[in-house]
Amino acid sequence: MKRYLFVLLLCAWLAPAQAHKPSDSYLSLTVRGQQVEGQWDIALRDLDFAIGLDGNGDGALTWDEIRARHEAIAAYALQRLQVASDQGACPLRATQQLIDNHTDGAYSVLRFQAACPGGALANVHVGYSLFADLDPQHKGLLKINSDGATQTAIFDPDSPRQTISLAAPERLAQFGAYVKHGIWHIWIGYDHILFLLSLLLPAVLLPGLREQQQGLKAAFYDVLKVVTAFTLAHSITLSLASLSLVSLPSRWVESAIAASVILAALNNLLPLFRGKRPVAAFAFGLIHGFGFASVLRDLGLPQGSLLASLLGFNVGVELGQLAIVAVFLPVAWLLRKTWLYRQVLTVGSLAIALVACVWLVERVADIKLISA
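This one's a predicted model, so the numbers in the text were calculated from it and none came from an experiment.

Engineer: Hey, could you run me through the packing of aromatic side chains in this one?
Structural biologist: To describe a pair of aromatic rings, you give the distance between the ring centres and the angle between the ring planes. Applying the stated criterion across every chain yields a total of 7 aromatic pairs. A centroid spacing of 6.0 Å and a plane angle of 40 degrees characterise the contact between Tyr76 and Phe131, whose relative ring orientation is tilted. Remark: Phe131 occurs in the loop between strand S7 (123-128) and strand S8 (139-146) and Tyr76 occurs in helix H4 (residues 70-78); sequence separation between them is 55 residues. The same class applies to Tyr76 and to Phe131, which are both buried. Among the aromatic side chains, those forming a connected cluster through ring pairs are Trp40, Tyr128 and Phe155. Over the aromatic face of Tyr76 sits the side chain of Arg80, whose NZ or CZ is 3.8 Å from the ring centroid. Lying over the aromatic face of Trp333, Arg336 brings its terminal NZ or CZ to 4.2 Å of the ring centre.

Pasting the structure below:
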């Protein structure tokens, strides 16, 4: 009875974790002399939460409902974006609103223009505070095009104001921004984290799961093999997909990721690929790489900037994974002899599998059960 209660408690804790996915918006600026043209893709689910778009409250947004709130959308968004030259502010004016689909749902597409004081812009000063009072996890991904060169930046509540030099692009700062974004993406990717933890849970135990590993060193090498295999695999498909060399439907990819979490968790209960976890990590890592790639594809970077951003993002993902391992491994090794760890391994794996089953149903059937 206690074991089943533990499963229910774990499921209750894990399920809300996916209930609100931290959001991104995609801001693109094109600078020609002192003129700025912009496009801002903002998730409709976030705008609905912030200012209310669902007029009849039926939970489904229609084009008429969204069009009726065009002025409110433009006012809300543009009040939270400031663009300026070295000579002063560039007043923003909305010109058009559309709808587009990204990998995680429908987005409002707000197009705008600005005329900056002075001559041709040498620097662009951007202030970004969209959803800062509602969602501290929100990110704004900026792309600036000027004279054939593309630069990127990432905004969040900790870095709401940035200056981008058009004359001397700061490649190192751009690389660092994507390292940070890669770290953040793995930390909010609950399906990626649960897959990795499912593979790591047996690392401090012998294959029979009845005796403890003889030391931390053996457990470390076991974890190293799993993480290296996962890293190598998802780096391959992340690169191929981000460079548009291979493309798979997002719905298939997300469903396959959920299935990989189920199999990795069940392997701790049934001998599916016990002793071959690095092989499984590599095979499923190929699928997870396509999931990581969707983030960079949504930004729509040209090939030149994509290469640097891809490398930075990939480094960030690896650093995020290593941080998880650095926390997990010492704690797991210290607790490996306890009743609690055996419960986490068996009952916890069952709970992970159950939650992943719900994700799989959601993604295959395109319905929402525990996700936002």
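Engineer: Whenever I open this one, the state of the cysteines confuses me. Can you help?
Structural biologist: Covalent bonding between the sulfur atoms of two cysteines is what defines a disulfide. Considering all chains together, one arrives at 1 disulfide under this definition. Paired by a disulfide, Cys90 and Cys116 hold their sulfur atoms 2.0 Å apart. When the S-S torsion is 115 degrees, as for the bridge of Cys90 with Cys116, the disulfide is right-handed. Linking Cys90 in the loop between strand S4 (88-89) and strand S5 (92-102) with Cys116 in the loop between strand S6 (105-115) and S7, this pair joins segments that are 26 residues apart in sequence.

Engineer: Any chance you could explain the confidence of the model for the protein here in plain terms?
Structural biologist: The predicted coordinates should not be examined in detail at positions where pLDDT is low. Summarising the model, the protein shows a mean pLDDT of 83, and 86% of its residues fall at 70 or more. Every residue in residues 1-21 is under pLDDT 50, and counting partners more than four places away or in other chains gives 36 contacts. Contacts for the low-pLDDT stretch residues 209-214, under 50 throughout, to residues beyond four places or in other chains number 20 contacts.

Engineer: Can you help me understand the nonpolar core in this one?
Structural biologist: Note on soluble globular proteins: their nonpolar side chains tend to be buried together. Formed by 35 residues in total, the largest nonpolar core has its most connected members in Phe195, Leu199, Leu200, Val204, Val223, Phe328 and Tyr341. Breaking this core down by element, the ones donating at least two residues are helix H6 (190-200), helix H7 (216-242), helix H8 (250-266), helix H9 (277-299), helix H10 (303-335) and helix H11 (339-365). A per-element tally of this core places H11 first, with 7 residues. Excluding anything up to four places from it in sequence, Leu200 contacts Val223, Val226, Val227, Arg277, Val325 and Phe328.

Rules and cut-offs
- Residues numbered from 1 in each chain as written.
- Predicted model: local features only at pLDDT ≥ 70, side-chain atom pairs only at ≥ 80, totals over all residues.
- Heavy atoms only, no water.
- Phe/Tyr/Trp six-rings, centres within 6.5 Å; stacked < 30°, edge-to-face > 60°.
- Helix = DSSP H or I, 4+ residues; strand = E, 2+ residues; numbered from the N terminus.
- Buried < 20%, exposed > 50% of the residue type's maximum accessible area, 1.4 Å probe, protein only.
- Lys NZ or Arg CZ within 6 Å of the ring centre and 35° of its normal.
- Disulfide = S-S within 2.5 Å.
- pLDDT = per-residue confidence, 0-100.
- Contact = heavy atoms within 4.5 Å.
- Core = buried A, V, L, I, M, F, W, Y, C linked by side-chain atoms within 4.5 Å.

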